[in-house]
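Inside the fold
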Amino acid sequence: MLRFLGQRLLLMIPTVVVPLVLVFLLLRLAPGDPAAQILGDQASPSEIAALRSEMGLDLPLPVQFVLWAKNIVTLKLGTSFFFKQPVIDLLPQYALVTLQIALAALFLAVALGSILGVVAAINKDGVLDRGLVGVAVLGISLPEFWLALLLIFLFAVTLRWFPVSGYVPPADGLLASAATIALPALALGIRQSALITRMMRSSMLDVLGEPYIVTARAQGLPEAMVIGRYAVRTAAIPVVTVAGLSASYLLSGAVSIELIFSLPGLGKLLIDAVARRDYPVVEGAVLLIALMLAALNLIIDVVYALLDPRVRMG
Amino acid sequence: MTMAATDAMLDTPPTPAGPWRRLLRNRTAVFAISVLAALAVLALAAPYLTNAQPLRISPGIRLKPPRPQNWFGTDHLGRDMFALVLFGGRTSLLVGLLVTLISMSVAITLGLVAGFYRRVDMVLMRLVDGLMAFPSIVLATAAAGYLGPSVTTVIVALSIVLIAPVLRVVRGQILVLRELPMIEAARAVGVPDRRILARYLLPAIMSPLLVQASFIFSAAVLGEAALSFVGLGVGARDVSWGSALAEARNYIQNAWWIVVFPGAALVLTILSLNLLGDALRDSLDPRLARR
């Protein structure tokens, strides 16, 4: 298992390095001068030049790259041009919002998706199965931002169960915080749960045709045990992949949902920081997202290995 | 082969119909194709179906509910929603089509090479892993910074983002196919690599690619709407379902028509593409269809 983990860790390096190098180049090569942006229209060319050299932007690109790489490796993420705050202090509060919504949406997606997928598979071609297959394909076709608008109309404007927008951190009351992320998590989770339903159904149908299931039934095991103990466990393996993709999508910050519900999450932070040419914030956020995705992939690999012992051998 | 599988084969009569015949016998597929064809016709004929200019602002008729002069009502700027939906369809379908063509051709070329040459594979796939960990919103924002918000910007950004998933599918298929005896035979008699790739491997992956194409098309339509919704998509000079919805949130309480019509058009398009993808998969791969 240790050897397996070591290999996985090595494979993670490019998934962190490539996005960082990409963002470095994209920012440096994009038109627009951060110094001019910060100082505004009134600044004279000499003031801009002074700030540029203070920020190290007048150095040749390869030199900037080396300095930047050194800072990233030592986790010196710098100070935000806009917030005038160290990036390392800024990131956690935004990451918390995204993490909270992502976990709630993922929980909904996996729980609902797995159950509906299994129910559809054991009723194959029945009314329930046809209904669920139809609902699932509709579910994957609903744009999240549109679903969010409909949910706001129903649950916030008409029924007044949840606030229309805004965010309350968990420290200021768990229930109030949960109420602010309920609709965003629902809007994000429904599409992902439809994806998982489809995967779970087709994976269950594969497994239910396997000889070992036929044997288990032939030996007179109760159907609930055949499904619950033998079939679902094997069928869950490909579902883990889909759930992992859902999780990585949710962790990257769903910008449209954060905008609709005025949530201060990573997506909102990123889109604002790129627009403001706030390089340290963009780089810090991309680093954080890349690290979270790398950790997620590691978790998925371990879950795989736990579910399917053959993975550990290979 | 197991008993169960043999029995299943004997139970199912051999179907002489080819994949296309099977597709046309599938009611869902026929429905999806008809809807898409109708949407395409409506989008193309947009200037003949309405006299209203989609972008003309008429402050005098702001937020009017659906009525004979404005079938789908008007938005907060007094723009005719019916014209916005019709002309928005042009943007959606154009972006979907071009993004599918561009990302698929790049992904197929790279995927064939990666699957066939192991050394290229190692490097390329790590790059793809890294690209997939890159937040696409940063790419879209940066692209909008370079090129300004426009239809072209959206097409470029979405094409880059959608290369990776197709590339993985192509490469996965090639990794399996390259071990087949027919490829070994072709190599043994000295067929050059390029010919093996183009004449043996590419045709063999056409069916899964066709399925991918419909899902990529749907992802592109969805992506364009999402980008335009957050203001990173088509600029103010172009019409899109996503940008028509951008302001809808503020008027949701008193103007449901702004939310419902562009959204319904969007969902109908994406749903049809997904249904078509499912139907294609079933009819091109009979092993799956039997399930």
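What counts and what doesn't
- Residues numbered from 1 in each chain as written.
- Chains lettered and ligands numbered in written order.
- Predicted model: local features only at pLDDT ≥ 70, side-chain atom pairs only at ≥ 80, totals over all residues.
- Heavy atoms only, no water.
- Helix = DSSP H or I, 4+ residues; strand = E, 2+ residues; numbered from the N terminus.
- Buried < 20%, exposed > 50% of the residue type's maximum accessible area, 1.4 Å probe, protein only.
- Areas by Shrake-Rupley, 256 points an atom, 1.4 Å probe, with all protein chains shown as cover.
- Lys, Arg positive; Asp, Glu negative; His and termini not counted.
- Charge placed at Lys NZ, Arg CZ, Asp CG, Glu CD.
- Core = buried A, V, L, I, M, F, W, Y, C linked by side-chain atoms within 4.5 Å.
- Domains from an automatic or database assignment.
- Contact = heavy atoms within 4.5 Å.
- Buried area = accessible area lost by both parts, 1.4 Å probe.
- Salt bridge = Lys/Arg side-chain N within 4 Å of Asp/Glu carboxyl O.
- Polar contact = N/O pair within 3.5 Å; in protein donor to acceptor, adjacent residues only side chain to side chain.
- pLDDT = per-residue confidence, 0-100.
- Phe/Tyr/Trp six-rings, centres within 6.5 Å; stacked < 30°, edge-to-face > 60°.
- Patch = residues over 30% accessible without salt bridge, like charges linked within 9 Å, V, L, I, M, F, W, Y side chains within 5 Å.

A short note on the overall build of chain A
For chain A, the helix and strand inventory stands at 14 helices and 0 strands. When the helices and strands of chain A are read in sequence order from the N terminus, they spell out α-α-α-α-α-α-α-α-α-α-α-α-α-α. Taken along its principal axes, the extent of the C-alpha atoms in chain A is 85 × 55 × 35 Å. Counting all 314 residues of chain A, 47% fall into the buried class. Just so you have it, chain A exposes about 15000 Å², and 69% of that area is on carbon and sulfur atoms. Chain A carries 21 positive and 19 negative side-chain charges, and their two centres are separated by 8 Å.

Some words on the nonpolar core
Core analysis: the biggest nonpolar cluster contains 157 residues, and V282(A), V138(B) and L201(B) have the highest contact counts within it. Split by domain, this core shows at least three residues from each of two domains, domain 1 (2-73) and domain 2 (91-313) of chain A. With sequence-adjacent residues up to four places away left out, V282(A) is seen in contact with V23(A), L27(A), L270(A), A273(A), V274(A) and V138(B). Listed in part, the 18 residues of the second largest apolar core include I196(A), M204(A), I213(A) and V226(A).

Some thoughts on the domain arrangement of chain A
In many reports, interface size means the accessible area that the parts give up when they come together. All names here are of chain A. Each assigned domain of chain A is listed here: domain 1 (2-73) and domain 2 (91-313). Domain 1 and domain 2 are separated by 33 Å when their C-alpha centres are compared. With 20 residues of domain 1 at the contact, the number on the domain 2 side is 16 residues. Of the roughly 1700 Å² buried between domain 1 and domain 2, counting both surfaces, carbon and sulfur atoms make up 75%.

Observations regarding the pattern of salt bridges
Residues and elements named next belong to chain A. For the structure shown, the criterion picks out 13 salt bridges over all chains. Linking K268 and D272 is a salt bridge whose minimum nitrogen-to-oxygen distance equals 2.7 Å. Residue K268 and its partner D272 are located together in helix α12 (residues 266-275), separated by 4 residues, close to a single helical turn. Look at K268 and you get partly exposed, because its relative accessible area is 25%. Among the residues examined, D272 registers a relative accessible area of 23% and is labelled partly exposed.

A few points about the interface of chain B and chain A
Contact with chain B, which involves 43 residues of that partner, is made by 45 residues of chain A. Roughly 3800 Å² is buried in total at the junction of chain B and chain A, and carbon and sulfur atoms are behind 79% of that figure. Summed over the shared surface of chain B and chain A, the number is 1 salt bridge. Residues D278(B) and R198(A) are paired through a salt bridge, measuring 2.9 Å at the closest nitrogen-oxygen approach. The interface formed by chain B and chain A holds 5 residue pairs in polar contact (both at pLDDT 80 or more) in total.

Considering the confidence of the model for chain B
Looking at chain B as a whole, its pLDDT mean stands at 85, while 92% of the residues score no less than 70. With pTM at 0.88, the complex prediction returns an ipTM value of 0.87.

Let's talk about the packing of aromatic side chains
Taken as a whole, this structure holds 14 aromatic pairs over all chains when the rule is applied. For the pair F155(A) and F162(A), a centre-to-centre distance of 6.5 Å together with 75° between the ring planes defines the contact as edge-to-face. Residue class for F155(A) comes out buried when judged on its relative accessible area of 17%. A relative accessible area of 26% means that F162(A) is categorised as partly exposed. Ring centres of F72(B) and F82(B) lie 5.1 Å apart, and the angle between their planes is 90°; this geometry places the pair in the edge-to-face category. Note that F72(B) is positioned in the loop between α4 (46-49) and α5 (81-116) and F82(B) in helix α5, a separation of 10 residues in sequence. Overall, the relative accessible area of 15% leaves F82(B) in the buried class. One aromatic cluster in this structure is built from W71(B), F72(B), F82(B), W256(B), W257(B) and F261(B).

A short note on α12(A)
In terms of burial, α12(A) is a largely internal element, 7 of the 10 residues being buried. Buried residues of α12(A): L266(A), G267(A), L269(A), L270(A), I271(A), A273(A) and V274(A), and no others. The inward-facing, buried residues of α12(A) contact α5 (87-122), α10 (223-251), α11 (255-260) and α13 (279-307) of chain A together with α7 (136-147) of chain B. Directly after α12(A), the chain includes R277(A), whose backbone phi takes a positive value near 55°.

Here we look at a nonpolar patch on the surface
Together, L25(A), L29(A), L61(A), L131(B), Y146(B), L147(B), V156(B) and I160(B) make up a nonpolar patch on the protein surface, roughly 620 Å² of accessible area in all. Where the nonpolar patch is concerned, the elements lending two or more residues are α1 (2-29) of chain A together with α7 and α8 (151-177) of chain B. Relative to the helices and strands, L147(B) resides in helix α7.

Points about unusual backbone geometry
Residues and elements named next belong to chain A. With a phi close to 70°, D125 is a non-glycine residue in the positive phi region. Take D125: it is sitting in the loop between α5 and α6 (127-140). With relative accessibility at 42%, the residue D125 sits in the partly exposed group. Here S262, not a glycine, exhibits a phi torsion of approximately 45°, which is positive.

Some thoughts on the environment of L245(B)
Structurally, L245(B) can be placed in helix α12 (residues 241-246). The class of L245(B) is buried, set by a relative accessible area of 0%. C-alpha of L245(B) to C-alpha of V260(B): the two residues are 15 residues apart in sequence and 9.1 Å apart in space. Setting aside residues up to four positions removed in sequence, L245(B) forms contacts with F145(A), W146(A), L149(A), F229(B), I258(B), V259(B), P262(B) and G263(B).

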